[in-house]
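Read off the chains here:
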Amino acid sequence: MCQIELYIPKKEELWYRKRMMEDPKTMDYNKGYFLDSKNYYNDTGCILFPKEDWDDWYEYFINNEPKRYYAYILRKNDHTFLGEVCLRKIDDTKEYEMGIVIESIHRNNGYSKVAMKLLMEIAFEKFHAETVRNTFEEERTAALHLHLNAGFSILNKNDNIVHLQLTKEQYFKQNKSML
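Scope of this entry: the structure provided in the associated data block. (Residues numbered from 1 in each chain as written. Predicted model: local features only at pLDDT ≥ 70, side-chain atom pairs only at ≥ 80, totals over all residues. Heavy atoms only, no water.)

**Section: the sheet that holds strand β2 (residues 68-75)**
Point 1. Overall, mixed pairing links the 7 strands, which are arranged β1-β2-β3-β4-β5-β7-β6 in an open sheet. The outermost strands of the open sheet, each flanked by one partner alone, are β1 (4-7) and β6 (153-158). In this sheet, neighbouring strand axes are inclined to one another by 25° on average, regardless of whether the strands run parallel or antiparallel.
Point 2. Bridge count for β2 against strand β3 (residues 80-89) is 8 bridges, and the pairing is antiparallel. (Pairing = 2+ DSSP bridges. Helix = DSSP H or I, 4+ residues; strand = E, 2+ residues; numbered from the N terminus. Axes fitted to C-alpha atoms, helices over the stretch in contact; angles between N-to-C directions.)

Structure (structure tokens):
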């Protein structure tokens, strides 16, 4: 198993998030998806993340557990950032939406599988989530494979969008080492 950890970035380390969000190869999965933001570019999937936005973004996302969780995926042996993960609580429920992005140059190395395991540990063992959900385009086969292997089930599919969830019962029933 690759040695990674989830790392809460310092504000001055948001240069990495900026680099990822503005990299067309990393954000290619996001291309053509409508986002209501002046900083979003439909043709590339990129989202501008100017330095003047860092303070507000950081205050909103960092140190707001269990409502929101955000971390970089960090390779331990050389302290390289590999991507990011997040959890967002859905209103006043014990349900969360999740996200995971591996920077394009680090894909296909098994990092997403380990990062998913670590993120689900936080969701279910630390935040006591009842359900974790994710939604994305069905043609994102690597993402679908990752989620299904982590124990997620498909709730439904419509208009090429797949809606997945992992319940607390599913998480604790399966052998966590298989995530």
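**Observations regarding helix α3 (residues 54-61)**
Point 1. Along α3, the positions that sit buried rather than exposed are Trp 54, Trp 57, Tyr 58 and Phe 61. The arc that holds the buried residues of α3, viewed along the axis, is 100°, so those residues lie on one side. When the buried face of α3 is taken as reference, the exposed residues oriented beyond 90 degrees from it are Asp 56 and Glu 59.
Point 2. Where the residues of α3 are buried, they touch α1 (15-21) and β2.
Point 3. Asn 63 lies just past α3 and shows a positive phi near 60°. (Buried < 20%, exposed > 50% of the residue type's maximum accessible area, 1.4 Å probe, protein only. Arc of directions from axis to C-beta. Contact = heavy atoms within 4.5 Å.)

**Examining the layout of surface pockets**
If a probe as big as a water molecule is rolled over the atoms, it shows which places are left empty.
Point 1. By volume, the largest pocket is sized at about 1100 Å³.
Point 2. Lining the largest pocket are 39 residues, with Tyr 29, Asn 30, Leu 35, Cys 86 and Arg 88 sitting closest to its centre.
Point 3. Put simply, the parts of the chain that give the lining of the largest pocket at least two residues each are α1, α3, β3, β4 (95-102), β5 (131-137), α5 (141-149) and β7 (161-167).
Point 4. Residue classes in the lining of the largest pocket are distributed as 23 nonpolar, 8 polar and 8 charged.
Point 5. Its volume calculated, the second largest pocket comes out at about 540 Å³.
Point 6. Taken together, 20 residues make up the lining of the second largest pocket; nearest its centre are Ile 102, Arg 107, Ser 112, Ala 142 and Ala 143.
Point 7. It is α5 that provides the largest number of residues to the lining of the second largest pocket, a total of 6 residues.
Point 8. When grouped by side-chain class, the residues that make up the lining of the second largest pocket number 8 nonpolar, 8 polar and 4 charged. (1 Å grid on protein atoms, 1.4 Å probe; cavity = no way out; pocket = protein on both sides within 12 Å on 5 of 7 lines; lining within 4 Å. Points joined across faces, edges and corners; volume = space filled by probe spheres on them. Nonpolar A, V, L, I, M, F, W, Y, C, P; charged D, E, K, R; others polar.)

**Some words on unusual backbone geometry**
Point 1. Looking along the chain, the bond that leaves Glu 65 and enters Pro 66 is cis, with omega of 5°.
Point 2. Position of Pro 66 among the secondary structure elements: in the loop between α3 and β2.
Point 3. The phi angle at Asn 108 is positive, at roughly 65°, despite the residue not being glycine.
Point 4. Mapped onto the elements, Asn 108 comes out in the loop between β4 and α4 (111-126).
Point 5. On the accessibility criterion, Asn 108 (80% relative accessible area) is exposed.
Point 6. With a phi close to 50°, Asp 159 is a non-glycine residue in the positive phi region.
Point 7. Along the chain, the position of Asp 159 falls in the loop between β6 and β7.
Point 8. A relative accessible area of 77% places Asp 159 in the exposed class.

These figures capture arrangement, not role.
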